[in-house]
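# Coordinate analysis (summary)
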Amino acid sequence: MRTKTLQIFLSHSGHDAKMATKIARMVQDHMNDQRYPVKVFCTSLPEDRFKEEVSDKAEKTDKQTLKARLAKALFGISPERSPLEKFLAENINKSIVFLSLLSKKSAKANSEYIQYELEIINRYRSRKRKSDGFNAYRFYVPLIMEDRSSSNINPFDQLTEDLKRVQGLIVDPEDSENRWLGRLGDYLVKTLAPYYYD
């Protein structure tokens, strides 16, 4: 009997909030039905929203300085993080698997927060040591949203070169059978199984 609940982080753009919420619920329900208890962390779910109140000025300053802090982080400097960045980083740290929902909309928006989350997971993926009872390596699965529009924007443009090498799954909102969910579920069962007994 698996009593531990493992966390999965779902990164997404605010432009895809409705689909992200649906995916989070579907993945969580599917895995729990398989008796692999998981919590899918998704900031578009009411229970996972960032709760700290910030003024408009503070929020604007936070967005203006995010790129600078991210650039510094790439060169090994540990810049001071905003409360929201800390919140995101802490929840990535709690998660064994990192899913990112990529779409033409999110690529066009070029969200700095998605870039921040992807940079964190890219650094985690380079680690092999044990940390806090879990392997510090994080498993990554890009979820590419099927889009039949004529736009020539490529969702993969949001990823670093390292992350582009990772095999992803096509999520088709019009697929009533949700075949992608079964494939993702099979992967998650194999990936997460050892962590229930760590």
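Anything mentioned here points back to the structure above.
Keep in mind that this is a model prediction, so the values were computed, not measured.

## Regarding the sheet that holds strand E1 (residues 6-11)
- Read from one edge to the other, the open sheet built from five strands follows the order E2-E1-E3-E6-E7, with strand pairing classed as parallel. In this open sheet, the two edge strands, each paired with only one partner strand, are strand E2 (38-41) and strand E7 (169-171). In this sheet, adjacent strand axes meet at a mean angle of 25 degrees when their direction is disregarded.
- Sheet topology places strand E3 (residues 95-102) next to strand E6 (residues 139-145); six bridges connect them, and they run parallel. Within the sheet, the bridge partner assigned to Leu99 lies in E6 and is Val141.

## Quick look at the pattern of salt bridges
- With the rule as written, the count across this model stands at four salt bridges.
- Among the ionic pairs, Arg25 bridges to Glu47, the shortest N-O distance being 3.0 Å. Pair noted here: Arg25 is in helix H1 (residues 17-33) and Glu47 is in the loop between E2 and helix H2 (56-74), with a separation of 22 residues, a long-range link.
- Arg25 gets classed as partly exposed once you look at its relative accessible area, which sits at 36%.
- On the accessibility criterion, Glu47 (41% relative accessible area) is partly exposed.
- Through salt bridges with shared partners, one network takes in Arg25, Lys39, Glu47 and Asp48.

## Description of the pairing of E1
- Extensive coverage of E1 is indicated by the burial of six of its six residues.
- Where burial is concerned, the two faces of E1 agree: the one with Leu6, Ile8 and Leu10 and the one with Gln7, Phe9 and Ser11 are both buried.
- As paired elements, E1 and E2 share four bridges and run parallel to each other. Bridge pairing in E2 links Ile8 to Val40.
- For the crossover that starts at E1, traverses H1 and ends in the parallel E2, the hand is right-handed.
- Both E1 and E3 contribute to a ladder of five bridges, which runs parallel. Note that in E3 the partner of Phe9 across the bridge is Phe98.

## Quick look at unusual backbone geometry
- A positive phi angle, near 65 degrees, is found at Arg35, a position not held by glycine.
- Structurally, Arg35 is set in the loop between H1 and E2.
- With a relative accessible area of 65%, Arg35 lands in the exposed category.
- A positive phi angle, close to 50 degrees, is found at Asn178, a residue other than glycine.
- Mapped onto the elements of the fold, Asn178 is located in the loop between E7 and helix H7 (179-192).
- Owing to a relative accessible area of 22%, Asn178 belongs among the partly exposed residues under this scheme.

## Some thoughts on the packing of H1 against H7
- In contact at an axis separation of 10 Å, H1 and H7 are set at 55 degrees when each is read in the N-to-C sense. By the angle between their axes, H1 is oblique relative to H7. In this structure, H1 crosses over H7, and the sense of that crossing is right-handed. In this structure, H1 uses Ile23, Met26, Val27, His30 and Met31 to contact H7, whose residues at the interface are Trp180, Leu181, Gly182, Leu184, Gly185, Leu188, Val189 and Leu192.
- A per-class count over the contact of H1 with H7 returns 10 nonpolar, three polar and no charged.

So, how was this worked out
- Residues numbered from 1 in each chain as written.
- Predicted model: local features only at pLDDT ≥ 70, side-chain atom pairs only at ≥ 80, totals over all residues.
- Heavy atoms only, no water.
- Pairing = 2+ DSSP bridges.
- Helix = DSSP H or I, 4+ residues; strand = E, 2+ residues; numbered from the N terminus.
- Axes fitted to C-alpha atoms, helices over the stretch in contact; angles between N-to-C directions.
- Salt bridge = Lys/Arg side-chain N within 4 Å of Asp/Glu carboxyl O.
- Buried < 20%, exposed > 50% of the residue type's maximum accessible area, 1.4 Å probe, protein only.
- Right-handed = clockwise from strand over helix to strand, strands pointing away.
- Parallel < 35°, antiparallel > 145°, perpendicular 65-115°, else oblique.
- Left-handed = near helix turned anticlockwise from the far one by under 90°.
- Contact = heavy atoms within 4.5 Å.
- Nonpolar A, V, L, I, M, F, W, Y, C, P; charged D, E, K, R; others polar.

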